[in-house]
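# Chain and residue survey
One-letter residues, chain by chain:
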Amino acid sequence: MTTISIITTTFNSATTIADTLQSVADQKDVTIEHIIIDGMSEDRTLDIVRSFDHISILKSEADEGIYHAMNKGIALANGDIIGILNSDDFYTHDQVLKSVIDIFDHKNVDSCYGDLQYVDNKNIEKVVRTWTAGTFDKRKFLSGWMPPHPSFFMKKSMYDRYGLFNLELNSSADYELMLRMLYKYDISTYY
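Residues numbered from 1 in each chain as written. Predicted model: local features only at pLDDT ≥ 70, side-chain atom pairs only at ≥ 80, totals over all residues. Heavy atoms only, no water.

## Brief notes about the overall build of the chain
For the chain, the count of helices and strands is six helices and nine strands. Scaling as 2.2 N^0.38, a compact globule of 191 residues should have a C-alpha radius of gyration of about 16 Å, and the chain matches this with 16 Å. When its C-alpha atoms are laid out on the principal axes, the chain stretches across 45 × 35 × 35 Å. Residues counted as buried form 47% of the 191 residues belonging to the chain. Positive and negative side-chain charges of the chain, numbering 18 and 28 respectively, have mean locations separated by a distance of 6 Å. (Helix = DSSP H or I, 4+ residues; strand = E, 2+ residues; numbered from the N terminus. Rg over C-alpha atoms; globule rule 2.2 N^0.38 Å. Buried < 20%, exposed > 50% of the residue type's maximum accessible area, 1.4 Å probe, protein only. Lys, Arg positive; Asp, Glu negative; His and termini not counted. Charge placed at Lys NZ, Arg CZ, Asp CG, Glu CD.)

If you want it as structure tokens, here you go:
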């Protein structure tokens, strides 16, 4: 059975983390390893995380920023597929990860991605913007395109083969990682 590792990095995320964790806990018909990498939160984040029994790994220690924390999570991950879900993001329904695993199992790809909805921070039922990623064409990278990071899933073996987030690139580390994987190394993907 295919296992998916979801990595969530946190730092003082008490106002949003419960929705994130609940959306993972609610996923149906999948084997999930949920890894929380916390940057030594000083609010109630860790208490909230500990109240969820589906968490596989919780590590709270100093880090060098969000991508360093993500790299730590990837290094700890045992799943066949890795997804990163930020501490203020959540899955829109309980079959998201089942759909992701079905794509990997039936389309024989190294990665996949989908669209992303932005919601109002006071009313998460209200969608304020949709990022429609669109079908893949590697030439789109030359114009600045990239898949939405929280909707991007990739086989762990691709991280093992081609590397993790480049910490020297600061806020563009996610773009560079997808550019490296999808453009430079031409790994397969599915929208």
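More follows now that the structure is in view.
## Structural notes on the pattern of salt bridges
Across all of its chains, the model carries seven salt bridges by this definition. A salt bridge links K156 to D160; the nearest nitrogen and oxygen atoms lie 3.1 Å apart. Placement of the pair is K156 and D160 together in helix α5 (residues 156–162), with a separation of four residues, close to one helical turn. You can call D160 exposed: its relative accessible area is 55%. Between R180 and E176 there is a salt bridge, with its nearest N and O atoms 2.7 Å apart. (Salt bridge = Lys/Arg side-chain N within 4 Å of Asp/Glu carboxyl O.)

## Overview of the nonpolar core
I74, I84, M154, Y159 and F165 are the most contacted members of the largest nonpolar core, which totals 26 residues. Elements with a minimum of two residues in this core: β2 (31–38), α3 (66–76), β4 (81–84), β8 (152–155), α5 and α6 (173–184). With five residues, α6 is the single largest residue contributor to this core. Sequence-distant contacts of Y159, that is, excluding residues within four places in its chain, are made with I74, I82, I84, M154, L164, L177 and M181. Among the nonpolar cores identified, the runner-up in size contains 16 residues, and V24, V30, V100 and I101 belong to it. (Core = buried A, V, L, I, M, F, W, Y, C linked by side-chain atoms within 4.5 Å. Contact = heavy atoms within 4.5 Å.)

## Quick notes on the sheet that holds strand β5 (residues 111–113)
Strand order across the open sheet formed by seven strands is β3-β2-β1-β4-β8-β5-β9, with mixed pairing between neighbours. Two strands in the sheet have a free side with no partner beyond their single neighbour: β3 (55–60) and β9 (189–190). Where β4 and β8 come together, three bridges link them in antiparallel fashion. Counted as the bridge partner of I81 is K155 from β8. With respect to the sheet, helix α4 (residues 96–107) is in contact with β1 (3–10), β2, β4, β5, β8 and β9, its orientation differing from that of β8 by roughly 45°. (Pairing = 2+ DSSP bridges. Axes fitted to C-alpha atoms, helices over the stretch in contact; angles between N-to-C directions.)

## Description of the packing of aromatic side chains
If you walk through the whole model with that rule in mind, you get eight aromatic pairs. Judged by centre distance (5.2 Å) and plane angle (40°), the rings of Y67 and F165 are tilted. With Y67 in helix α3 and F165 in the loop between α5 and α6, this residue pair connects regions lying 98 residues apart in the sequence. Neither Y67 nor F165 differs from the other in exposure class; each is buried. Taken together through their ring pairs, the aromatic side chains of Y113, F136, F141, W145, Y175, Y183 and Y191 make up a single cluster. (Phe/Tyr/Trp six-rings, centres within 6.5 Å; stacked < 30°, edge-to-face > 60°.)

## Quick notes on the environment of K72
Tracing the chain through its elements places K72 in helix α3. Since its relative accessible area comes to 14%, K72 is described here as buried. On a C-alpha basis, the gap between K72 and M154 in space is 16 Å, while along the polypeptide they are 82 residues apart. The residues touching K72, leaving out its near neighbours within four places in the chain, are I37, E61, A62 and D63.

## Thoughts on the side chain of T20
Tracing the sequence through the fold places T20 in helix α1 (residues 17–25). Residues within four places of T20 in sequence aside, it is in contact with T8, L85, N86, S87, D88, D89 and F90.

## Describing α3
Most of α3 sits inside the fold, with eight of its eleven residues counted as buried. Among all positions of α3, only Y67, H68, A69, M70, N71, K72, G73 and I74 are buried. Buried positions along α3 lie against β1, β2, β4, α5 and α6.

This is a description of form; function is not addressed.
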